[in-house]
Amino acid sequence: MAEKTESTSKDWMIFLISTVITVFLLIKYPAWFWVPLPFVLTYLTKAFKAL
């Protein structure tokens with residue numbers, strides 16, 4: 001059976017962008033910083049290939 005190798009660069013990019021959005025919301029609109037948190041955590045685990 002062949003191993004499927006995926007590039008994690010897309011996952012890292014989505015993680016970084018969502019982290020920037022989270023920090024921006026934390027500074028500008030603190031009540032809404034939790035909205036992008038699922039993206040941050042999901043793509044961090046995908047980038048580490050833990051998911």
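Residues numbered from 1 in each chain as written. Predicted model: local features only at pLDDT ≥ 70, side-chain atom pairs only at ≥ 80, totals over all residues. Heavy atoms only, no water.

As for the overall build of the chain
Part 1: In terms of helices and strands, the chain carries two helices and zero strands.
Part 2: A burial count over the chain gives 20% of its 51 residues as buried.
Part 3: As presented, the chain carries roughly 4,400 Å² of accessible surface, and 73% of it is formed by carbon and sulfur atoms. (Helix = DSSP H or I, 4+ residues; strand = E, 2+ residues; numbered from the N terminus. Buried < 20%, exposed > 50% of the residue type's maximum accessible area, 1.4 Å probe, protein only. Areas by Shrake-Rupley, 256 points an atom, 1.4 Å probe, with all protein chains shown as cover.)

Here we look at the packing of aromatic side chains
Part 1: For the structure on display, the rule yields four aromatic pairs.
Part 2: Ring centres of Trp12 and Phe15 lie 5.8 Å apart, and the angle between their planes is 80 degrees; this geometry places the pair in the edge-to-face category. Residue Trp12 and its partner Phe15 are located together in helix H1 (residues 9-28), separated by three residues, close to a single helical turn.
Part 3: Between Phe24 and Tyr29, the ring centres sit 6.5 Å apart and the planes meet at 75 degrees, which makes this aromatic pair edge-to-face.
Part 4: Judged by relative accessible area, Tyr29 falls into the partly exposed class, the value being 44%.
Part 5: Through pairs of rings, three or more aromatic residues link up here, namely Trp12, Phe15 and Phe48. (Phe/Tyr/Trp six-rings, centres within 6.5 Å; stacked < 30°, edge-to-face > 60°.)

Let's talk about a nonpolar patch on the surface
Part 1: Residues Phe24, Leu26, Tyr29, Trp32, Phe33, Trp34 and Val35 make up a contiguous nonpolar surface patch of roughly 740 Å² in combined accessible area.
Part 2: One can find Val35 in the loop between H1 and helix H2 (37-47).
Part 3: In this structure Val35 comes out as partly exposed when scored by relative accessible area, which is 37%. (Patch = residues over 30% accessible without salt bridge, like charges linked within 9 Å, V, L, I, M, F, W, Y side chains within 5 Å. Salt bridge = Lys/Arg side-chain N within 4 Å of Asp/Glu carboxyl O.)

Comments concerning H2
Part 1: Residues of H2 that are buried include every one of Val40, Tyr43 and Ala47, and no others. The arc that holds every buried residue of H2, seen down its axis, measures 85 degrees, which confines them to one face.
Part 2: Where H2 is buried, its residues contact H1.
Part 3: Of the residues one or two after H2, Lys49 is the one with positive phi, at around 55 degrees. (Arc of directions from axis to C-beta. Contact = heavy atoms within 4.5 Å.)

Structural measurements only, silent on function.
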